[in-house]
Amino acid sequence: MDIDGPLKIGVVEPSAQGNYELHINFTDDFKAADLAAQGERFRSYLGELHAALQQGGVDGRDAQGVMLVQQICEQLRPHIEAGEIALGETLVIEVQRTPGVNLADLLN
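Residues numbered from 1 in each chain as written. Predicted model: local features only at pLDDT ≥ 70, side-chain atom pairs only at ≥ 80, totals over all residues. Heavy atoms only, no water.

### A few points about the pattern of salt bridges
Here is step 1: Throughout the structure, instances matching the rule amount to 4 salt bridges.
Here is step 2: Across the pair Glu 48 and Arg 41 runs a salt bridge whose closest N-O atoms are separated by 3.2 Å.
Here is step 3: By relative accessible area, which is 31% here, Glu 48 ends up partly exposed.
Here is step 4: Judged by its relative accessible area of 27%, Arg 41 is partly exposed.
Here is step 5: Taken together, the shared-partner salt bridges in this structure form one network comprising Arg 43, Arg 77 and Glu 81. (Salt bridge = Lys/Arg side-chain N within 4 Å of Asp/Glu carboxyl O. Buried < 20%, exposed > 50% of the residue type's maximum accessible area, 1.4 Å probe, protein only.)

What follows is the structure, encoded as structure tokens:
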């Protein structure tokens, strides 16, 4: 499922421990916006993720991927709104591998 938003997310294959890395970058349009517009756009994006899950627009693996992105975005939101994140840098998040779930499939 594609939800157009301020993030570009890439997946790095599992490490020796079997964990994945998510590499998160912000779109150029999002980085170019002023702080108030960034906060508004990020809140809107969270709303779109929530609506996709609540309205049944996603299921199975897509739903797991959307939930993962939603959880990450909920943690980032206050820092985005406060201007505390360097939007030009790549955020790297390590995700513990879940048996039977291929994270690359969730985000592709």
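### Focus on the nonpolar core
Nonpolar side chains tend toward joint burial in soluble globular proteins.
Here is step 1: Ranked by size, the top nonpolar core spans 21 residues in total, and within it Leu 7, Phe 26, Phe 42, Cys 73 and Ile 80 carry the most contacts.
Here is step 2: Those elements that provide at least two residues to this core are strand 2 (20-26), helix 2 (35-54) and helix 3 (60-81).
Here is step 3: Ranked by the residues each element gives to this core, the list is headed by helix 3, at 8 residues.
Here is step 4: Excluding residues that lie within four positions of it along the chain, Leu 7 makes contacts with Ile 24, Asn 25, Phe 26, Thr 27, Phe 42, Tyr 45, Val 69 and Cys 73. (Core = buried A, V, L, I, M, F, W, Y, C linked by side-chain atoms within 4.5 Å. Helix = DSSP H or I, 4+ residues; strand = E, 2+ residues; numbered from the N terminus. Contact = heavy atoms within 4.5 Å.)

### Some points on the packing of helix 2 against helix 3
Here is step 1: Packing of helix 2 against helix 3 brings their axes to within 10 Å, and their N-to-C directions diverge by 155°. If you check the angle between helix 2 and helix 3, you find them roughly antiparallel. Crossing handedness for the pair helix 2 and helix 3: left-handed. On the side of helix 2, the interface is formed by Leu 35, Gln 38, Gly 39, Phe 42, Arg 43, Tyr 45, Leu 46, Leu 49, His 50 and Leu 53, while helix 3 contributes Ala 63, Val 66, Met 67, Val 69, Gln 70, Cys 73, Glu 74, Leu 76, Arg 77, Ile 80 and Glu 81.
Here is step 2: Of the residues assigned to the contact of helix 2 with helix 3, the class counts are 13 nonpolar, 4 polar and 4 charged. (Axes fitted to C-alpha atoms, helices over the stretch in contact; angles between N-to-C directions. Parallel < 35°, antiparallel > 145°, perpendicular 65-115°, else oblique. Left-handed = near helix turned anticlockwise from the far one by under 90°. Nonpolar A, V, L, I, M, F, W, Y, C, P; charged D, E, K, R; others polar.)

### Here we look at the side chain of Gln 38
Here is step 1: Inspection of the secondary structure assignment puts Gln 38 in helix 2.
Here is step 2: On the accessibility criterion, Gln 38 (7% relative accessible area) is buried.
Here is step 3: At 3.5 Å, the side chain of Gln 38 forms a polar contact with the backbone oxygen of Lys 31.
Here is step 4: Reaching out from Gln 38, the side chain makes a polar contact with the backbone oxygen of Ala 33 at a distance of 3.1 Å.
Here is step 5: Discounting chain neighbours no more than four positions away, the residues touching Gln 38 are Phe 30, Lys 31, Ala 33, Ile 80 and Leu 87. (Polar contact = N/O pair within 3.5 Å; in protein donor to acceptor, adjacent residues only side chain to side chain.)

### Describing the environment of Leu 68
Here is step 1: Note on placement: Leu 68 falls in helix 3.
Here is step 2: Taking the C-alpha atoms as reference, Leu 68 lies 9.5 Å from Val 95; in sequence the two are 27 residues apart.

### Quick notes on helix 2
Here is step 1: Spanning 20 residues, helix 2 covers 29 Å between terminal C-alpha atoms, matching the ideal 28 Å at 1.5 Å per step.
Here is step 2: Listed in full, the buried residues belonging to helix 2 are Gln 38, Gly 39, Phe 42, Tyr 45, Leu 46, Leu 49 and Ala 52. The buried side chains of helix 2 occupy one side of the element, clustering within an arc of 150° when seen end-on. Facing away from the buried side of helix 2 by more than 90 degrees, the exposed set consists of Ala 36, Glu 40 and Gln 54. (Expected span 1.5 Å × (residues − 1). Arc of directions from axis to C-beta.)

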